[in-house]
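So you can see what is in the structure, the chains are spelled out below.
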Amino acid sequence: MGKRVAVVLAGCGVFDGSEIHEASAALVHLSRGGAEVKIFAPNIEQRDVVNHLKGSPAEEKRNVLVESARLARGNIQDLAELKASEFDAVIFPGGFGVAKNLCSWAVDGKNCTVNTHVNSTLQAFHSAKKPIGLCCISPVLAAKVFPGCEVTVGQDKNVDGRFPDAETASAITELGCKHICKNVNESHVDKANKIVTTCAFMCKAPLHEIFDGIGTMVQEVLKLA
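What you see is a predicted model, and the numbers here were worked out from it, not measured in a lab.

Draft legend 1. Fine view of the pattern of salt bridges. Under the definition given, this model contains ten salt bridges. Glu174 is the salt-bridge partner of Lys110, the closest N and O atoms lying 3.1 Å from each other. Separated by 64 residues along the polypeptide, Lys110 in the loop between helix H4 (105-108) and helix H5 (116-127) and Glu174 in helix H7 (residues 167-174) bring together distant segments of the chain. Each of Glu60, Arg62, Glu67 and Arg70 takes part in one network of salt bridges that share partners.

Now the structure itself:
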């Protein structure tokens with residue numbers, strides 16, 4: 001029997017929800033790894049809605065669970081219903097929705113607050129010594145909830161203009177965590193905390209390299225599960 005993995009989404013679309021390519025890549029690699037997957041999202045209103053064609057705010061309201069259902073092909077549950085005892089691991093794809101809806105990093109940076117159900121989910125898996133996979137901006141969730149942990153969001157300098165959000169690494173360090181510099185096709189494993197991270201779209205890289213990097217994250221999570 002394959003490993004049971006929960007995937008937590010934050011909406012649908014890079015600017016106000018989960019990054020679609022990252023979510024899809026995680027699901028493809030989990031499928032290839034023989035995992036049994038269930039998808040969750042918090043039943044909350046999005047912080048904002050962005051017109052992805054214009055890149056500007058839209059005057060409307062959307063629900064994170066309802067929007068995430070687009071990515072889950074309708075097969076999704078409220079995050080409040082997730083029980084860590086029923087799973088072997090949990091994975092959080094990235095996207096601005098993580099920094100807007102799952103926590104307030106987009107507004108408050110390292111002083112952010114984490115959604116109650118997201119926090120309790122992370123704590124439950126960590127306490128049970130079950131692996132947690134995070135990519136793109138989502139490693140900041142671990143940095144906020146687990147001081148002293150090790151994560152990567154890529155590089156801590158904007159190497160060749162490929163890491164425009166390198167200052168995130170400094171904020172992670174200021175939270176008392178250790179940032180490990182990694183390339184886009186790599187992941188980092190914090191063995192003590194069973195936290196696996198990869199930078200994904202925090203790096204300006206071809207899509208296949210981001211896909212491969214997420215693959216290494218998924219593979220390491222499944223090894224630890």
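From this point, the discussion proceeds with the structure in view.
Draft legend 2. Local environment of the packing of aromatic side chains. Under the defined criterion, the tally for this structure stands at two aromatic pairs. Relative to Phe87, the ring of Phe40 lies with its centre 5.7 Å away and its plane at 85°, an arrangement referred to as edge-to-face. Linking Phe40 in strand S2 (residues 36-41) with Phe87 in the loop between strand S5 (77-78) and strand S6 (89-92), this pair joins segments that are 47 residues apart in sequence. Both residues of the pair, Phe40 and Phe87, count as buried.

Draft legend 3. Region of the structure containing the packing of helix H1 (residues 20-32) against helix H8 (residues 207-224). Look at H1 against H8: their axes get within 9 Å of each other, and the N-to-C directions meet at 50°. One way to sum up the angle between H1 and H8 is to call them oblique. You can see that H1 and H8 cross each other, and the crossing is right-handed. Contacts from His21, Glu22, Ala25, Ala26, Val28, His29, Leu30 and Arg32 of H1 reach H8 at Leu207, Phe211, Ile214, Gly215, Val218 and Leu222.

Draft legend 4. The arrangement of the sheet that holds S6 in detail. The seven strands are arranged S5-S2-S1-S6-S7-S11-S10 in an open sheet whose pairing can be described as mixed. Here the strands that pair on one side only, and so sit at the sheet edges, are S5 and strand S10 (188-190). As paired strands, strand S1 (residues 4-8) and S6 are joined by three bridges and run parallel to one another. From the neighbouring strand, Ala6 faces S6, where its bridge partner is Val90. Each of S6 and strand S7 (132-135) touches H5; the most contacted strand, S6, lies at about 140° to it. In this fold H8 packs onto S1, S6, S7, S10 and strand S11 (195-198), with an angle of close to 175° to the strand it touches most, S11.

Draft legend 5. Region of the structure containing the nonpolar core. Counting residues in hydrophobic clusters, the biggest one holds 75 residues, and the most contacted among them are Ile91, Phe92, Trp105, Leu141 and Ile214. Counting residues per element, this core draws most heavily on H8, at six residues.

Draft legend 6. Examining the layout of surface pockets more closely. In this model, the largest pocket occupies a volume close to 380 Å³. Around the largest pocket, the lining comprises 17 residues; the ones closest to its centre are Phe96, Cys136, Ile137, Asp165 and Met202. Taken together, the elements giving at least two residues each to the lining of the largest pocket come down to helix H3 (96-102), H4 and H7. Looking at the lining of the largest pocket element by element, the count peaks at three residues for H7. Grouping the amino acids of the lining of the largest pocket by side-chain chemistry returns eleven nonpolar, two polar and four charged. Its boundaries defined by the atoms lining it, the second largest pocket holds a volume of some 150 Å³. Looking at the second largest pocket, the residues that line it are Leu27, Val37, Lys38, Ile39, Leu71, Ala72, Arg73, Asn75, Ile76 and Gln77. It is S2 that provides the largest number of residues to the lining of the second largest pocket, a total of three residues.

Draft legend 7. Local environment of H7. Every buried residue belonging to H7 is among Thr168, Ala169, Ala171 and Ile172, and all of these are buried. Down the axis, H7 shows its buried residues gathered within 160° of arc, on one side only. Turned more than 90 degrees away from the buried face of H7 sit Glu167 and Glu174, all of them exposed. Where H7 is buried, its residues meet H4, helix H6 (139-145), strand S8 (150-151) and strand S9 (178-179). Two residues or fewer past H7, Gly176 is found with a positive phi of approximately 90°.

Rules of the game
Residues numbered from 1 in each chain as written. Predicted model: local features only at pLDDT ≥ 70, side-chain atom pairs only at ≥ 80, totals over all residues. Heavy atoms only, no water. Salt bridge = Lys/Arg side-chain N within 4 Å of Asp/Glu carboxyl O. Helix = DSSP H or I, 4+ residues; strand = E, 2+ residues; numbered from the N terminus. Phe/Tyr/Trp six-rings, centres within 6.5 Å; stacked < 30°, edge-to-face > 60°. Buried < 20%, exposed > 50% of the residue type's maximum accessible area, 1.4 Å probe, protein only. Axes fitted to C-alpha atoms, helices over the stretch in contact; angles between N-to-C directions. Parallel < 35°, antiparallel > 145°, perpendicular 65-115°, else oblique. Left-handed = near helix turned anticlockwise from the far one by under 90°. Contact = heavy atoms within 4.5 Å. Pairing = 2+ DSSP bridges. Core = buried A, V, L, I, M, F, W, Y, C linked by side-chain atoms within 4.5 Å. 1 Å grid on protein atoms, 1.4 Å probe; cavity = no way out; pocket = protein on both sides within 12 Å on 5 of 7 lines; lining within 4 Å. Points joined across faces, edges and corners; volume = space filled by probe spheres on them. Nonpolar A, V, L, I, M, F, W, Y, C, P; charged D, E, K, R; others polar. Arc of directions from axis to C-beta.

Just geometry here; none of it tells us what the structure is for.
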